[in-house]
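# Coordinate inspection notes
Listed here are the chains, written in short residue letters.
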Amino acid sequence: MGVETSLIAGATIGLSIAVPFGPASMLCVQRTLGDGFHTGLATGLGVATVHLTYGALASLSASCLQLTSQYAFILPVIASLLLMFFSVRVLRSTVVLNTAIGERTALGSAYCGAIGLGFLNPFTPVLFAAESPNLVSHDPVSTGFIVLGVFVGSFAWWSVLSSGVSFFRTRLTARVLNFSNKMAGFVLGAMAVSMLAKTCFAAM
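Residues numbered from 1 in each chain as written. Predicted model: local features only at pLDDT ≥ 70, side-chain atom pairs only at ≥ 80, totals over all residues. Heavy atoms only, no water.

## Some remarks on the nonpolar core
- In this structure, Ile13, Leu83, Phe128 and Leu135 are the most contacted members of the largest nonpolar core, which totals 19 residues.
- Residue assignment for this core shows that the elements contributing at least two residues are α1 (3-18), α3 (37-66), α4 (71-92), α6 (123-131), α7 (140-167) and α8 (174-203).
- The element contributing the most residues to this core is α8, with 4 residues.
- Core analysis: the next-biggest nonpolar cluster, separate from the first, contains 17 residues, Val19, Val29, Leu33 and Val165 among them. (Core = buried A, V, L, I, M, F, W, Y, C linked by side-chain atoms within 4.5 Å. Buried < 20%, exposed > 50% of the residue type's maximum accessible area, 1.4 Å probe, protein only. Helix = DSSP H or I, 4+ residues; strand = E, 2+ residues; numbered from the N terminus.)

Following this line, the structure appears as structure tokens:
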């Protein structure tokens, strides 16, 4: 797998994990609305740092498991089912927009706070565990670029979100956020079906 292909593959994973609206997304939106673009972006950078860390850990774990042949088929099947579960969860969720403005948050505090929130979110490591088969390539260099791509894709989403919220702050509604959330749910579902299909065909 080439460098560009690996980065794109990782970025796709990073986007699929970052886009669904959860506590981190709402924190980014609220800080952008309350404190401006740079504070929202610092929040997103903190979450992307968490995604990079989990991506590296999930990739390392998957690499170790793939060394044992009996896990070659089981791991992708479990991962597909987990992704499908989260897809349904995202599709059934409803975003509630809170635009209340409190005390301004410093950039460093916004970054560190987002890291703390990211590591406290119990669903993030489970999502990365589900994506772990996609985080491993045949050679370590490609795997490294896939993990780097996770950070790139995640931070790209937070950049777009902060920019969009800052630019369209007067037009931002819960309906718009819910539409984006539903699209993310469909993407997670498509990835689950694709992974399961590839595993089934490989086993034939």
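## A closer look at the packing of aromatic side chains
- Applying the stated criterion to the full structure yields 3 aromatic pairs.
- Seen in terms of ring centroids, Phe151 and Phe155 are 6.0 Å apart; in terms of plane orientation they differ by 5°. Their pairing is stacked. With Phe151 and Phe155 both in helix α7 and 4 residues apart, the pair spans about one turn of that helix.
- A network of ring pairs unites the aromatic residues Tyr54, Phe119 and Phe128 as a single cluster. (Phe/Tyr/Trp six-rings, centres within 6.5 Å; stacked < 30°, edge-to-face > 60°.)

## Looking at a nonpolar patch on the surface
- On the surface, a cluster of nonpolar side chains totalling about 230 Å² of accessible area is made up of Met84, Val88 and Val193.
- Here Met84 is to be found in helix α4. (Patch = residues over 30% accessible without salt bridge, like charges linked within 9 Å, V, L, I, M, F, W, Y side chains within 5 Å. Areas by Shrake-Rupley, 256 points an atom, 1.4 Å probe, with all protein chains shown as cover. Salt bridge = Lys/Arg side-chain N within 4 Å of Asp/Glu carboxyl O.)

## Topic: the confidence of the model for the protein
- Here the protein averages 80 in pLDDT, while 83% of its residues score no lower than 70.
- For the protein, per-element mean pLDDT is lowest for α4, which scores 72, and highest for α7, which scores 91. (pLDDT = per-residue confidence, 0-100.)

## So, the packing of α1 against α7
- In contact at an axis separation of 6 Å, α1 and α7 are set at 45° when each is read in the N-to-C sense. By the angle between their axes, α1 is oblique relative to α7. Of the two possible hands of crossing, α1 and α7 adopt the one that is right-handed. Every residue of α7 that contacts α1 at Val3, Ser6, Leu7, Gly10, Ala11, Ile13, Gly14, Leu15 and Ala18 is listed here: Ser142, Phe145, Ile146, Leu148, Gly149, Val150, Gly153, Ser154, Trp157 and Trp158.
- A per-class count over the contact of α1 with α7 returns 12 nonpolar, 7 polar and no charged. (Axes fitted to C-alpha atoms, helices over the stretch in contact; angles between N-to-C directions. Parallel < 35°, antiparallel > 145°, perpendicular 65-115°, else oblique. Left-handed = near helix turned anticlockwise from the far one by under 90°. Contact = heavy atoms within 4.5 Å. Nonpolar A, V, L, I, M, F, W, Y, C, P; charged D, E, K, R; others polar.)

## Structural notes on α6
- Taken together, the buried positions of α6 are occupied by Thr124, Leu127, Phe128, Ala130 and Glu131. Down the axis of α6, the buried side of the element spans an arc of 155°, and every buried residue falls inside it. (Arc of directions from axis to C-beta.)

## Digging into the environment of Thr124
- Structurally, Thr124 can be placed in helix α6.
- Looking at Thr124, the relative accessible area reads 9%, which means it is buried.
- Counting along the chain gives 106 residues from Thr124 to Ala18, while the straight-line C-alpha distance between them is 9.5 Å.

## Some thoughts on helix α5 (residues 107-120)
- In this model α5 runs 20 Å from its N-terminal to its C-terminal C-alpha over 14 residues, within 8% of the 20 Å that 1.5 Å per residue would give.
- Every buried residue belonging to α5 is among Ala110, Ala114, Ile115 and Gly118, and all of these are buried. Buried residues in α5, looked at end-on, bunch into an arc of 135°, giving them a common side. Exposed and oriented more than 90 degrees from the buried face of α5 are Cys112 and Leu120. (Expected span 1.5 Å × (residues − 1).)

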